[in-house]
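Spelled out from the first residue to the last, the chains are:
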Amino acid sequence: MLKELFIKKKKYATIPSEQVKQDVPEGIMSKCPKCKKIMYTKELVKNLRVCMSCGYHYPLPSRERIESLLDEGSFQEYDAEMISENPLQFPDYLEKLEADRRKSNLNEAVITGKGTINGHPLVIAVMDSAFRMGSMGSVVGEKIARAVEKARELRIPFLIFTASGGARMQEGVLSLMQMAKTSAALKLFSDEGGLIISVMTHPTTGGVSASFASLGDYNFAEPGALIGFAGRRVIEQTVREELPEDFQTAEFLLKHGQLDAVIHRHELKEALTNVLDIHQTGGDGAWWEN
Amino acid sequence: MVGELEFEKPLIELRKKISELKEFTKTTDVDLSAEIEKLEARLEKLENETYANLTPWDRVQIARHPNRPTTLDYIERLFTNFLECHGDRLFGDDEAIVGGIAKYHGLPVTVIGHQRGKDTKENIRRNFGMPHPEGYRKALRLMRQAEKFGRPIICFIDTKGAYPGKAAEERGQSEAIARNLFEMAGFAVPIVCIVIGEGGSGGALALGVGNHIHMLENSTYSVISPEGAAAILWKDASLAKRAAETMKITAPDLKELGVIDEIIPEVRGGAHRNVDEQAKAIDEVLKRSLKELLQLDHSALIEQRYQKFKQIGQFTFSTDYQGVK
Ligand SMILES: [Zn+2]
């Protein structure tokens, strides 16, 4: 049975992530951090990393996200080779980047590209918390801004999955300015009628929460995702008031009017398809004639 | 003296010694004029050296000086006909941000800025210049109005950051900041932003998406406070001095990183030494900025602003990429 787990190959037709899987072997078993149930990792991955027992949403690696959503073979990556420099000559930064590149097999904390979801073309950006906690430095900002520019040029929707601890400290104020760069790119795209969909996943905080993550025409989130501007500990230290248990969760934001919907990972593709369908361009024919 | 700064101690001691000697000569017949002259020359030299070689941490101290001029101090000196406009029309009036309409050398403008208090009482009212979402939404309301009437927008940046609190999160601090970044990018009027004190992270940037960004010589602009950076990097907030250097947060640093347009020189020792003089220095740069920007048409203003931010950042391309092709 265990042998079978090793031999059986899952079909990944969209992007060649076989190699990734081999390079970064997963533990055979996983323990759910929420309900503590122990599951086969392989089963969990097949379930889009949603706990079979309690529905806890594990972080979904960016490549698995792309596979799970985009039509087979449709994904074309942008700016894959773009990597960070060390503009502040920050001690150990380049070494940390290199270590994360090896560990995650990612070049940076976001993958961008073009593809289709159930036939609907779009530009997609998927952040990955496995790389520097998904933090945003020059590369993340630039890749997202370029992706938005592409969507603007191609006149197709822009979809972003966020997962980030915020601005990347090691690039200082340059990281901060990426908030303005990405938001400005979205504004120019939006003013030309571009559709922006943001899906916030765990965690989406700080400078990412306070820029593109919150700028969708539709702002969605996955269940239980931590979303907020300031860190819980900072707030506790500042205000000394009791914070509710669900503070800064997707459900908390929904309750306070900050989200359109919280959507289970298994229902996401259908929901996104629906939004894309409703926004399909070229539907200017006189529907009442039918 | 209120707000003596650490690095100024040798100067203060020398000044004290000189005045003591002067007092002494008044009461006795001893002639110390040669000695006093010598000390005064030394003071002059020391002052020149000190203020020409300010470390980033010295500048942080000046930027945080309790008497450092605030947005309203500059509004009073640079503009006429100022009418403060309150409220976001949604929730309330956040006094951590002030804004309104005014004339600048006769030109109708909208002016907005973070506002700290001058004393504890005012600081509590103004939440130490740390805005809630309603502050940013008030600013946005005033900017939209400025665009409607074709008025340039001038923003003064001076905050430790957006307020980290429960209510702020509930009312969408992130969304309020993000919305300002987004909308500021699209206004078809000139926007000039001037950092006058501390420019703390997203809470500062939410008034900072301008065609031109200037900084007072001793102001700072950063992604996180030196204390916060030190706590995260080295688990020790007392290493803030080192973080202030590492994080590159001073006006000369930001000029070099290509983030800001001009450094506005400060009165020697800091803006708090002479607010009138400081306002004049700002006036000179602001006038030049607006003159230049008023030549641009609507779409050129928006494009220039986008390109300004688009070029900020550093990256390269790797040749040994292993991942998704
Ligand atoms: Zn579980």
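Up top is the structure.
Let me begin by describing the structure that accompanies this report. (Residues numbered from 1 in each chain as written. Chains lettered and ligands numbered in written order. Predicted model: local features only at pLDDT ≥ 70, side-chain atom pairs only at ≥ 80, totals over all residues. Heavy atoms only, no water.)

Counting 128 residues, the largest nonpolar core has A:Phe158 and B:Tyr221 as the members making the most contacts within it. In terms of residue count, helix H7 (residues 172–191) of chain A provides more of this core than any other element does, eleven residues in total. Among all residues touching B:Tyr221, those that are not within four sequence positions of it are A:Val173, A:Leu176, A:Met177, B:Ile157, B:Val195, B:Gly199, B:Ala204, B:Leu205, B:Gly208, B:Met215, B:Ile249 and B:Leu254. Core analysis: the second largest hydrophobic core is formed by 26 residues, B:Val109, B:Val111, B:Val275 and B:Leu301 among them. (Core = buried A, V, L, I, M, F, W, Y, C linked by side-chain atoms within 4.5 Å. Buried < 20%, exposed > 50% of the residue type's maximum accessible area, 1.4 Å probe, protein only. Helix = DSSP H or I, 4+ residues; strand = E, 2+ residues; numbered from the N terminus. Contact = heavy atoms within 4.5 Å.)

For the rest of this paragraph, the subject is the pairing of strand E7 (residues 158–164) of chain A. Along a regular strand, successive side chains alternate from one face of the sheet to the other. Residue and element names in this part refer to chain A. A large share of E7 lies buried, amounting to seven of its seven residues. Neither face of E7 is open: one carries Phe158, Ile160, Thr162 and Ser164, the other Leu159, Phe161 and Ala163, and all of them are buried. Inspection of the sheet shows strand E6 (residues 120–127) paired to E7 by four bridges, in the parallel sense. Among the inter-strand pairings, isoleucine 124 is bridged to a residue of E7, identified as leucine 159. Between the parallel pair E6 and E7, the chain is carried across by helix H6 (residues 138–154), and the sense of this crossover is right-handed. Relative to strand E8 (residues 196–205), E7 runs parallel, the two being bridged by six bridges. Following the sheet pairing, phenylalanine 158 is matched in E8 by isoleucine 196. (Pairing = 2+ DSSP bridges. Right-handed = clockwise from strand over helix to strand, strands pointing away.)

A cis amide bond links A:His202 to the next residue, A:Pro203, at an omega of -15 degrees. Unusually for a residue other than glycine, A:Lys36 sits at a positive phi of about 70 degrees. Tracing the backbone shows A:Lys36 in the loop between strand E1 (29–31) and strand E2 (38–40). Relative accessible area serves as the criterion here: at 49%, A:Lys36 is assigned to the partly exposed category. One non-glycine residue, B:Arg89, lies in positive phi territory at about 70 degrees. Given a relative accessible area of 62%, B:Arg89 falls into the exposed group.

As a further point, take the interface of chain B and chain A. Opposite the 52 residues of chain B that make contact, chain A presents 65 residues. Across the chain B to chain A interface the summed buried area is about 5,400 Å²; carbon plus sulfur atoms make up 70%. Where chain B meets chain A, there are three salt bridges. Note that B:Lys310 and A:Glu149 form a salt bridge whose closest N and O atoms lie 3.9 Å from each other. The tally of links from chain B across to chain A stands at 18 residue pairs in polar contact (both at pLDDT 80 or more). For the side of chain B that touches chain A, the elements supplying multiple residues, two or more each, are helix H7 (166–170), helix H8 (173–184), helix H9 (201–205), strand E7 (220–222), helix H10 (226–234), helix H14 (298–310) and strand E9 (315–317) of chain B. (Buried area = accessible area lost by both parts, 1.4 Å probe. Salt bridge = Lys/Arg side-chain N within 4 Å of Asp/Glu carboxyl O. Polar contact = N/O pair within 3.5 Å; in protein donor to acceptor, adjacent residues only side chain to side chain.)

Moving on: the coordination of the zinc ion. Residues and elements named next belong to chain A. At the metal site, the zinc ion is ligated by Cys32 (SG), Cys35 (SG), Cys51 (SG) and Cys54 (SG), and these contacts range over 2.2 to 2.4 Å. For the zinc ion, the four donor atoms are set out with angles of 105 to 113 degrees between them, so the coordination reads as tetrahedral. With relative accessibility at 29%, the residue cysteine 35 sits in the partly exposed group. (Donors = N, O, S within 2.8 Å, 3.2 Å for Na, K, Ca; no water. Tetrahedral: all angles 85-135°; square planar, octahedral: opposite > 155°, others 65-115°.)

With that settled, consider a nonpolar patch on the surface. All names here are of chain A. Judged by side-chain polarity, Ile28, Met29 and Ile38 come together as a nonpolar surface patch covering roughly 270 Å² of accessible area. Considering the arrangement of structural elements, one finds methionine 29 in strand E1. By relative accessible area, methionine 29 is classed as partly exposed at 41%. (Patch = residues over 30% accessible without salt bridge, like charges linked within 9 Å, V, L, I, M, F, W, Y side chains within 5 Å. Areas by Shrake-Rupley, 256 points an atom, 1.4 Å probe, with all protein chains shown as cover.)

Turning our attention to the environment of A:Leu69. All names here are of chain A. Here leucine 69 shows up in helix H4 (residues 62–69). Each C-alpha atom, one on leucine 69 and one on asparagine 118, is 8.5 Å from the other, the two residues being 49 residues apart in sequence. Not counting residues within four places of it along the chain, the set of residues in contact with leucine 69 comprises Thr116, Ile117, Phe161, Lys269 and Leu272.

The final tally for this structure, using the stated rule, is 45 salt bridges over all chains. A:Arg146 is paired through a salt bridge with A:Glu142; the nearest N and O atoms lie 2.9 Å apart. Here A:Arg146 pairs with A:Glu142, and both are found in helix H6, just four residues apart, close to one helical turn. The salt bridge partner of B:Arg126 is B:Glu122, with a shortest N-O separation of 2.8 Å. Here B:Arg126 matches B:Glu122 in class, with each residue buried. Within this structure, A:Asp79, A:Glu142, A:Arg146, A:Glu149, A:Lys181 and B:Lys310 form a network of salt bridges that share partners.

Okay, the side chain of B:Asn218 next. All names here are of chain B. Position of asparagine 218 relative to the elements: it lies in the loop between strand E6 (212–216) and E7. According to the relative accessible area criterion, asparagine 218 is buried, its value standing at 2%. Polar side-chain contacts of asparagine 218 include one of 2.6 Å to the side chain of arginine 59. Not counting residues within four places of it along the chain, the set of residues in contact with asparagine 218 comprises Leu54, Arg59, Ile62, Ala63, Arg68, Glu266 and Gly270.

On inspection of all chains with the given rule, the structure shows eight aromatic pairs over all chains. Consider the rings of A:Phe247 and A:Phe252, whose centres lie 5.1 Å apart with planes at 75 degrees: the pair is edge-to-face. A network of ring pairs unites the aromatic residues B:Tyr74, B:Phe79, B:Tyr104 and B:Phe156 as a single cluster. Here B:Arg242 stacks its cationic end above the ring of B:Trp234, 4.0 Å away from the centre of that ring. (Phe/Tyr/Trp six-rings, centres within 6.5 Å; stacked < 30°, edge-to-face > 60°. Lys NZ or Arg CZ within 6 Å of the ring centre and 35° of its normal.)

The next subject is the environment of B:Asn67. All names here are of chain B. Position of asparagine 67 among the secondary structure elements: in the loop between helix H3 (56–63) and helix H4 (71–78). What makes asparagine 67 partly exposed here is its relative accessible area of 40%. On a C-alpha basis, the gap between asparagine 67 and histidine 272 in space is 5.7 Å, while along the polypeptide they are 205 residues apart.

The next subject is helix H5 (residues 93–104) of chain A. Residues and elements named next belong to chain A. Counted at 1.5 Å a residue, the expected span for H5 with its twelve residues is 16 Å, and the 16 Å between its end C-alpha atoms agrees. Those residues of H5 lying buried are Tyr93, Leu97, Asp100, Arg101 and Ser104. For H5, the angular spread of buried residues about the axis comes to 105 degrees, placing them on one side. In H5, the exposed positions angled more than 90 degrees off the buried face are occupied by Glu95, Arg102 and Lys103. Directly after H5, the chain includes asparagine 105, whose backbone phi takes a positive value near 55 degrees. (Expected span 1.5 Å × (residues − 1). Arc of directions from axis to C-beta.)

All names here are of chain A. For strand E5 (residues 110–117), a buried count of six out of eight residues is recorded, marking the element as mostly surrounded by other parts of the structure. Sheet analysis places strand E3 (residues 76–78) next to E5, joined by three bridges and oriented antiparallel. In the strand pairing of E5, tyrosine 78 is matched with threonine 112. Counted along the chain from E5 to the antiparallel partner E6, the turn is two residues long, and its residue asparagine 118 has a positive phi close to 45 degrees.

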